[in-house]
Amino acid sequence: MIWCESKADSIVWMQEDICIDLFALRIMFLGAFYNYGGLIVDIKYMERAIDLAIKGIGKVNPNPLVGAVIVKDDQIIGEGYHEFYGGLHAEQNAIKNLTMDASGAEMYVNLEPCCHQGKQPPCAPAIVASGIKKVYIGSEDPNELVTGKGIAYLREHGVEVVTNVLKKECDEINKVFFHYITTKMPYIVMKFAETLDGKMATHTGASRWITGEVAREYVHYTRNKLMGIMVGIGTVLNDDPLLTCRIDNGRNPIRIVCDTKLFTPLDSQIVTTAKEVKTYIATCSVDENLKNKYREFGIDFLQVDCIAGHIDLVDLMRQLGELGIDSILLEGGGTLNYSALKSGIIKEVHVYIAPKIFGGAGIYSPVGGEGVELPDQAFLFQKPKIMRMGDDILIEYEVKEG
Ligand SMILES: NC(=O)c1ccc[n+]([C@@H]2O[C@H](COP(=O)([O-])OP(=O)(O)OC[C@H]3O[C@@H](n4cnc5c(N)ncnc54)[C@H](OP(=O)(O)O)[C@@H]3O)[C@@H](O)[C@H]2O)c1
């Protein structure tokens, strides 16, 4: 069962080939119990922990999304979530919000509690000190500072621990964190909108707009969710985009332009708004006089290795990872999309399909480049999620590795 949240008019869960409306699913599962190898677990509290965790979307990167619920006599007596980067952890917030003594209570938390001192004090000792006697955990934390140690600490101090509760759903909400913490590279989502005949622009290069309002608004939710947004110079020259997040309480992603030779126009919206929205131009150019002109507008540069006359995307991702950027929405044109796929940096693809046909011979394909020679050399994807957005359709796939 794969969870997916959306602003779409239909929220779907996918299991094999079945889509079930979330509302119907909640009715089915509300108060339901799961049998974990003979142990009966009430999953509605873990569902609540997940609901709390996702309130941190767009606010906690590059930290994980975590929610925690404390239950006593089948009543929630405390709950909390990780609200912002550097803020209290979910477990600490849940303990802080307790409405009664937690002795003998149970905690549901979607991620293994930490046991090391970071920006905040460790959670596992706080759980022990609170008197909680049993902890249900969704995902184990792959962070080498934590992994297995939080669970071991709890057990060593007399707290019963049940792991893998709604594990798939818990893993799903933190896939960006898991990728970033284990690879130190950002999780890249390639997004494009296309017509029914697979075009992302007309033969004149015009691409506004392909999809309708609902789909375009959902893109802004994705921009809020991911920490960076990246395009190639081709898209800047053609569309002069702003690449900001235009939803209430949304956060602008950090903008990255791949511009090998430094052709970004000084009067483009990206440049003229760079003092308000953090913006990097990734370039191979070493022309410091030219760069200084951009710096006056607030642009920062990433000096990147050159490969076959273009930016080395792997080197760029390494640098962005070092800057703490855990995730990027790639909203480029077909040229950058192909290079990104070929370099292996893409983890997920979001394809918006509009009920339109542009026609025209093979230009402005969402993925350009030379393409593969044989079908069995294709880039492969898995785990489809399908959402209807007005008359448009969004298909999300994860890249199939190996
Ligand atoms: N429908 C949609 O969802 C959508 C989204 C975006 C764009 N578009 C449309 O796509 C069109 C632009 O397409 P495009 O392909 O020219 O834009 P693009 O992929 O955004 O930019 C391509 C440029 O990026 C630069 N680049 C830097 N490093 C690169 C690398 N490693 N690999 C490849 N390119 C690299 C290249 O120029 P240098 O190497 O010289 O810097 C290249 O020409 C526009 O018409 C736009 O409207 C549509």
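Residues numbered from 1 in each chain as written. Predicted model: local features only at pLDDT ≥ 70, side-chain atom pairs only at ≥ 80, totals over all residues.

Participant: A description of the sheet that holds strand 14 (residues 300-303) should follow, citing residues and the corresponding values.
Facilitator: Read across the open sheet, the nine strands follow the order 14-13-12-11-17-10-18-20-19; overall the sheet is mixed. The sheet terminates laterally at strand 14 and strand 19 (381-389), the two strands that pair on one side only. Adjacent strand axes in the sheet meet at a mean angle of 25°, parallel and antiparallel pairs treated alike. Bridge analysis of strand 11 (residues 228-232) against strand 12 (residues 254-258) gives five bridges, and the strand direction is parallel. Bridging across to strand 12, I229 finds its partner in R255. Sitting on the sheet, helix 7 (residues 175-183) is in contact with strand 10 (187-195), strand 17 (327-330) and strand 18 (346-354), with an inclination near 130° to strand 10. (Pairing = 2+ DSSP bridges. Helix = DSSP H or I, 4+ residues; strand = E, 2+ residues; numbered from the N terminus. Axes fitted to C-alpha atoms, helices over the stretch in contact; angles between N-to-C directions. Contact = placed C-beta atoms within 7 Å.)

Participant: Describe the nonpolar core, and please don't skip the residues or the numbers.
Facilitator: Where a protein is soluble and globular, its nonpolar side chains tend to be buried together. I188, M190, V257, A282, I328, L330 and A340 are the most contacted members of the largest nonpolar core, which has 58 residues in total. The contact partners of M190, leaving out residues within four places of it in the chain, are L330, N337, A340, I346 and V349. Of all hydrophobic cores here, the second largest spans 42 residues; its members include C115, I132, I137 and I151. (Core = buried A, V, L, I, M, F, W, Y, C linked by C-beta atoms within 7 Å. Buried ≥ 20, exposed ≤ 12 C-beta atoms within 10 Å, placed from the backbone.)

Participant: Describe the pairing of strand 19, listing the residues and the values that go with them.
Facilitator: Within a regular strand, side chains alternate between the sheet's two faces. Examined bridge by bridge, strand 19 and strand 20 (residues 392-399) share seven bridges and lie antiparallel to one another. Opposite F381, over in strand 20, you have V399 as the bridge partner.

Participant: Account for the site of the ligand, naming residues and giving values.
Facilitator: Neighbouring the ligand are 30 residues, the closest being G232, G234, G333, T335 and S339. For the shell around the ligand, the elements supplying multiple residues, two or more each, are strand 10, strand 11, helix 9 (233-239), strand 16 (310-311) and helix 13 (334-343). It is helix 9 that contributes the most residues to the shell around the ligand, five residues altogether. (Near = placed C-beta within 6 Å.)

Participant: Go over the environment of S285 with me, naming the residues and quoting the values.
Facilitator: Considering the arrangement of structural elements, one finds S285 in the loop between strand 13 (279-283) and helix 11 (288-295). In this structure S285 comes out as partly exposed when scored by C-beta crowding, with 17 C-beta atoms within 10 Å. Distance in space between the C-alpha atoms of S285 and D305 is 9.8 Å, their sequence separation being 20 residues.

Participant: Any chance you could break down the confidence of the model for the protein for me, citing the residues and the numbers?
Facilitator: With 90% of its residues at a pLDDT of at least 70, the protein reaches an overall mean of 91. Note on residues 1-31: pLDDT under 50 across the span, and 51 contacts to partners over four residues away in sequence or across chains. (pLDDT = per-residue confidence, 0-100.)

Participant: Summarise the packing of helix 4 (residues 123-130) against helix 5 (residues 149-156); cite the residues concerned and give the values.
Facilitator: Their axes nearest at 9 Å, the elements helix 4 and helix 5 cross at an angle of 25°. Taken together, the axes of helix 4 and helix 5 lie roughly parallel to each other. Of the two elements, helix 4 crosses helix 5, and the hand of that crossing is right-handed. Seen from helix 4, the contacting residues are A124, I127 and V128; seen from helix 5, they are G150, Y153 and L154. (Parallel < 35°, antiparallel > 145°, perpendicular 65-115°, else oblique. Left-handed = near helix turned anticlockwise from the far one by under 90°.)

Participant: Kindly report on the pairing of strand 5 (residues 67-72), identifying the contributing residues and their values.
Facilitator: With respect to burial, strand 5 is a largely interior element, five of its six residues being buried. Bridge count between strand 5 and strand 6 (residues 75-81): six bridges; the pairing is antiparallel. By the bridge assignment, K72 is partnered in strand 6 with Q75. Pairing between strand 5 and strand 7 (residues 106-111): four bridges, direction antiparallel.

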